[in-house]
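Summary of the model geometry
Below, each chain spelled out in residue letters.
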Amino acid sequence: MLSLEKISELLGKDSDILLQHESKTISKDLLHLPGPDTVNKIYQPSSRNPQVLRSLGQLFNHGRLGGTGYMSILPVDQGVEHSAGASFAKYPAYFDPENIVKLAIEGGCNAVASTFGVLSAVSRTYAHRIPFIVKLNHNELLTYPNKADQVMYGTVQEAWNLGATAVGATIYFGSDQADRQLVEVSQAFELAHELGMATILWCYLRNDAFKKDVDYHLSADLTGQANHLGVTIQADIIKQKLPTVNGGYKALNTGTSSYGKLDERIYTQLTSDNPIDLCRYQVANCYMGRMGLINSGGASEGELDLADAVRSAVINKRAGGAGLISGRKAFQRPMAEGTALLNAIQDVYLNAQITVA
């Protein structure tokens, strides 16, 4: 178990900024915070049926974080999204789906999220040992020239048949295809709920216009609104990248074009420059945390991965989020190292000295 001292050491120069920060933006008293009673307190009053509540209970009560209200998920759909070669060349053992699931089990994860192909290949061996999250749609990079569009790779019924506890999907908010994806995913999530499965939405932004002087795909205001659209279609859990900037709406309102709607209080009262406050704005847009926010672990950067993963976990937890979903940092290294990295993430959520800001 990582001590607070070790976590502080990994945070380096950002230790005080992150561990000592007291949020003055959106009060934690307004948030629905993760805890052992998350399913009963937050999801039970909703319209979700008992089968969905059971599935959510399976997700929240599995692995090292079981019973805490937090989640640590291993997502490996990069074989489709980023090409199998680019994803698994470093450690070719992960071309074999069984090793992906083994890493999630050894790493103490709440669940493993992957493609229809990966999970169906080993479903009879592992679907009863760790919750499966089937990713319904993907963007593939074989089409030339590459394009950004999420396409369904199977049906909700197929996911149920292979023993999935939950389904996941991505919507590229801001893209030309967003309207179609919004309809497809909302219909898929409705059916998943009817069949008793939980739903997780990857609320990603995708539009070349968002890349101006800085990358506003990671802007708190825009990602926050994407989250709000995600919970609107009744996603149970929202996956989002950590925000690193703010002011996307303002940057796109250039005077020659009008984009969206904004209120200056988003920037003066509801957020600050601190990464925790930027993430808290994302949590607020998830109905004040009623639907859990899990942030992405990001790409693998080699030796920096452990420190970066711990940093992301600290930001998410102190913001009021519900966990981390980290893939490439874990599977693009030997299994023992990947297990240790996943455990380090979980240690942040298990450490009672790291509290909500």
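It should be emphasised that the depicted structure is a prediction, and the values quoted were computed from it without experimental measurement.

Let's talk about the overall build of the chain
- A count of helical and extended segments in the chain gives 17 helices and 10 strands.
- Its C-alpha radius of gyration of 19 Å places the chain within 12% of the 21 Å reference for a compact globule of 357 residues.
- Taking the principal axes of the C-alpha coordinates as reference, the chain spans close to 55 × 45 × 45 Å.
- A total of 357 residues make up the chain; the buried ones form 56% of that total.
- Put simply, 74% of the contacts in the chain that link residues at least 6 apart link residues at least 24 apart.
- Of the roughly 15000 Å² of accessible surface on the chain, a fraction of 51% belongs to carbon and sulfur atoms.
- Distance between charge centres in the chain, computed from 31 positive and 35 negative side chains, equals 2 Å.

Description of the packing of aromatic side chains
- Summed over the entire model, instances satisfying the criterion amount to 7 aromatic pairs.
- Within the aromatic cluster, the residues linked to one another by ring pairs are Phe88, Tyr94, Phe95 and Phe331.
- Lysine 135 extends its terminal NZ or CZ atom over the ring of tryptophan 202, reaching a point 5.2 Å from the ring centre.
- Sitting over the face of the ring of tyrosine 204, lysine 241 holds its NZ or CZ atom 4.8 Å from the ring centroid.

Some remarks on the packing of helix 15 (residues 305-319) against helix 17 (residues 335-350)
- Across the interface, helix 15 lies against helix 17 with an axial gap of 9 Å and an inter-helix angle of 30 degrees. Judged on the interaxial angle alone, helix 17 and helix 15 are roughly parallel. Here the hand of the crossing between helix 15 and helix 17 comes out right-handed. For the pair helix 15 and helix 17, the contacting residues are Asp305, Leu306, Ala309, Val310, Ala313, Val314, Asn316 and Lys317 in the first and Leu341, Ala344, Ile345, Val348, Tyr349 and Leu350 in the second.
- In terms of residue class, the contact of helix 15 with helix 17 is made up of 11 nonpolar, 1 polar and 2 charged.

Remarks on helix 17
- The end-to-end C-alpha separation of helix 17 is 22 Å, in line with the 22 Å expected for 16 residues at 1.5 Å each.
- Gly338, Thr339, Leu341, Leu342, Asn343, Ala344, Ile345, Gln346, Asp347, Val348 and Tyr349 are the residues of helix 17 that are buried.
- Buried-residue contacts for helix 17 involve helix 1 (4-11), strand 1 (71-76), helix 6 (97-106), helix 15, strand 10 (323-325) and helix 16 (328-331).

Notes on the pairing of strand 7 (residues 198-205)
- Most of strand 7 is tucked away: 8 of the 8 residues are buried.
- Residues of strand 7 alternate between two faces, with Ala198, Ile200, Trp202 and Tyr204 on one and Thr199, Leu201, Cys203 and Leu205 on the opposite face, all of them buried.
- Pairing of strand 6 (residues 166-173) with strand 7, which is carried by 8 bridges, proceeds in the parallel orientation. What sits directly across from isoleucine 171, in strand 7, is cysteine 203.
- You can see the chain leave strand 6, run along helix 10 (residues 178-194) and come back into strand 7, and the turn it takes is right-handed.
- The sheet contact formed by strand 7 and strand 8 (residues 237-240) spans 3 bridges and is parallel. Among the inter-strand pairings, tryptophan 202 is bridged to a residue of strand 8, identified as lysine 239.
- This β-α-β element, strand 7 to helix 11 (residues 220-232) to strand 8, shows right-handed connectivity.

Observations concerning the nonpolar core
- By size, the foremost hydrophobic cluster in this structure holds 109 residues, and its most contacted members are Ile73, Leu74, Leu201, Val310 and Val314.
- Per-element tally for this core: the top contributor is strand 7, with 7 residues.
- If we skip the residues at most four places from it in the chain, leucine 201 touches Ala169, Thr170, Ile171, Phe173, Val185, Phe189, Gly230, Ile233, Ala235, Ile237, Ile238 and Lys239.

What about the layout of surface pockets?
- The volume enclosed by the largest pocket comes to roughly 750 Å³.
- In terms of lining, the largest pocket is formed by 37 residues, of which the most central are Lys241, Ser296, Gly298, Ala299 and Arg328.
- Of all the secondary structure elements, the ones that give two or more residues to the lining of the largest pocket are helix 5 (78-88), strand 6, strand 7, helix 14 (275-285), helix 15 and helix 16.
- Ranked by residues supplied to the lining of the largest pocket, first place goes to helix 15 with 4 residues.
- Residues of the lining of the largest pocket, tallied by class, amount to 13 nonpolar, 12 polar and 12 charged.
- By volume, the second largest pocket amounts to about 330 Å³.
- As for the second largest pocket, its lining consists of 17 residues, of which Leu205, Arg206, Asn207, Asp208 and His217 are closest to the centre.
- Grouping the amino acids of the lining of the second largest pocket by side-chain chemistry returns 4 nonpolar, 7 polar and 6 charged.

Observations regarding the pattern of salt bridges
- Per the counting criterion, the structure on display carries 15 salt bridges.
- The partner of aspartate 77 in a salt bridge is lysine 135, with the nearest N and O atoms 3.8 Å apart. One end of the pair, aspartate 77, is in the loop between strand 1 and helix 5; the other, lysine 135, is in strand 3 (residues 132-135), and 58 residues separate them in sequence.
- Relative accessible area serves as the criterion here: at 10%, aspartate 77 is assigned to the buried category.
- The partner of glutamate 264 in a salt bridge is lysine 250, and the shortest N-O contact between them spans 3.2 Å. With glutamate 264 in the loop between helix 12 (248-252) and helix 13 (265-268) and lysine 250 in helix 12, this pair connects stretches of sequence that are 14 residues apart.

The rules we used
Residues numbered from 1 in each chain as written. Predicted model: local features only at pLDDT ≥ 70, side-chain atom pairs only at ≥ 80, totals over all residues. Heavy atoms only, no water. Helix = DSSP H or I, 4+ residues; strand = E, 2+ residues; numbered from the N terminus. Rg over C-alpha atoms; globule rule 2.2 N^0.38 Å. Buried < 20%, exposed > 50% of the residue type's maximum accessible area, 1.4 Å probe, protein only. Contact = heavy atoms within 4.5 Å. Areas by Shrake-Rupley, 256 points an atom, 1.4 Å probe, with all protein chains shown as cover. Lys, Arg positive; Asp, Glu negative; His and termini not counted. Charge placed at Lys NZ, Arg CZ, Asp CG, Glu CD. Phe/Tyr/Trp six-rings, centres within 6.5 Å; stacked < 30°, edge-to-face > 60°. Lys NZ or Arg CZ within 6 Å of the ring centre and 35° of its normal. Axes fitted to C-alpha atoms, helices over the stretch in contact; angles between N-to-C directions. Parallel < 35°, antiparallel > 145°, perpendicular 65-115°, else oblique. Left-handed = near helix turned anticlockwise from the far one by under 90°. Nonpolar A, V, L, I, M, F, W, Y, C, P; charged D, E, K, R; others polar. Expected span 1.5 Å × (residues − 1). Pairing = 2+ DSSP bridges. Right-handed = clockwise from strand over helix to strand, strands pointing away. Core = buried A, V, L, I, M, F, W, Y, C linked by side-chain atoms within 4.5 Å. 1 Å grid on protein atoms, 1.4 Å probe; cavity = no way out; pocket = protein on both sides within 12 Å on 5 of 7 lines; lining within 4 Å. Points joined across faces, edges and corners; volume = space filled by probe spheres on them. Salt bridge = Lys/Arg side-chain N within 4 Å of Asp/Glu carboxyl O.

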